[in-house]
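# Descriptive analysis of the structure
Listed below are the residues making up each chain.
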Amino acid sequence: MAPEILVSEVGPRDGLQSIKSILPTPAKKAWIAAEAAAGVREIEVGSFVPAKVLPQLADTAEIVAFAKTIPGLTVAVLVPNLRGAEAAIAAGADKLTLPLSVSETHSLANLRRTHAQVIEEARAIAALIAEQPEDRRPHFEGSLSTVFGCTLEGAIPLPQILGLAEQLMAAGCDEVGLSDTTGYADPRAVKDMVRAVRGAVGDEALTGIHLHNTRGLGLANVLAALEMGLDTVDSSLGGIGGCPFAPGASGNIVTEDLVFMLQAMGLKTGIDLAKLLEVRKIVAEALPDEPLYGFTPDAGLPLGFVPESHAPSMESAA
């Protein structure tokens, strides 16, 4: 049987936080509902940060409440600190991601916290989660941001990265993730980093990766990650987004192109590609001044391409 890859949509958070336009709440809901209907099983719907910092995400609590009404959808959010985690848990989020930039300069610019302070926040969040009823405890991920390099510091020493990964797990995170915040990664670097971090925290503690397409290597880096055994990949519809606190870090990988590549390779995603391509219209109409990227939406599907939802199973093909 072909492996199944979890495509985690991050456009409603990472995408929207990086553009000037503010997407109206009804349009966000329509986007999330349509992607879920297309088979996307995990969506990062927002971030619990002060509205004055990211007014684009001021409605996150309302969006989480709406997304929780969609059966089968894992509702993920980013939290910068304990206060954000408290709000996320109160709203009912299924997954919390705390970003820890391995570049302390970027951490201070992004969260206004040192490494030690972020680790302390992780401990406090883990303790808060442990206090919740067992059926209401969200999954807790510590994201190693700028892990492939920083626009402010350059390359980060590997021992520092591995030490921070170990500290996040010791603080109570369920897993760590790799984030190419600045678009510096290449396929060999992805393989080397996955191997090194798994060597420090174990294979089960690293399953996902967040990549940008800043220099055109996004999908190549995805392939490298898959070859190393990762099975969760973040992407953004239309490729919108980046990081407002890392200069030049534009360009998330495009969800539509990612899903096409995975399905062309015979990998299962649970996503109806035709329906996913239709979701793009919702975002384009709501954000008329923002460019959307992607080759698959422009070129269309190849003649004879069999979408996943209509493809024969590996067992029947055998």
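Structural notes, computed from the coordinates. Worth saying up front: this structure is predicted, and the values here are computed from it rather than measured.

### Remarks on the overall build of the protein chain
Check the secondary structure of the protein chain and you find 13 helices and eight strands. Taking 20 Å as the expected radius of gyration for a compact globule of 318 residues, we find that the protein chain reaches 18 Å, a close match to that expectation. In terms of overall dimensions, the protein chain has C-alpha extents of about 55 × 40 × 40 Å along its principal axes. At a minimum sequence separation of 6, the contacts of the protein chain that also span at least 24 residues come to 74%. About 13300 Å² of surface is accessible on the protein chain, with carbon and sulfur atoms providing 55% of the total. Of the side-chain charges in the protein chain, 23 are positive and 39 negative, and the distance between the mean point of each set is 3 Å.

### Some thoughts on unusual backbone geometry
A positive phi angle is found at T146, which is not glycine, with a value near 50 degrees. The exposure class assigned to T146 is buried, which follows from its relative accessible area of 0%.

### With respect to the pattern of salt bridges
In this structure the tally under the stated criterion is 13 salt bridges. R41 is the salt-bridge partner of E4, the closest N and O atoms lying 3.3 Å from each other. Remark: R41 occurs in the loop between α2 (25–37) and β2 (42–47) and E4 occurs in the segment before β1 (6–9); sequence separation between them is 37 residues. Judged by relative accessible area, which is 44%, E4 ranks as partly exposed. The class for R41 is partly exposed, based on a relative accessible area of 33%. Ionic pairing is found between E62 and K29, a salt bridge with its closest N-O pair at 2.9 Å. With a gap of 33 residues between them, E62 in helix α3 (residues 60–67) and K29 in helix α2 connect regions that are remote in the sequence. For K29, a relative accessible area of 22% corresponds to the partly exposed category. Taken together, the shared-partner salt bridges connect R13, D14 and E44 into one network.

Rules used throughout
Residues numbered from 1 in each chain as written. Predicted model: local features only at pLDDT ≥ 70, side-chain atom pairs only at ≥ 80, totals over all residues. Heavy atoms only, no water. Helix = DSSP H or I, 4+ residues; strand = E, 2+ residues; numbered from the N terminus. Rg over C-alpha atoms; globule rule 2.2 N^0.38 Å. Contact = heavy atoms within 4.5 Å. Areas by Shrake-Rupley, 256 points an atom, 1.4 Å probe, with all protein chains shown as cover. Lys, Arg positive; Asp, Glu negative; His and termini not counted. Charge placed at Lys NZ, Arg CZ, Asp CG, Glu CD. Buried < 20%, exposed > 50% of the residue type's maximum accessible area, 1.4 Å probe, protein only. Salt bridge = Lys/Arg side-chain N within 4 Å of Asp/Glu carboxyl O.

Shape descriptors only; they carry no functional weight alone.
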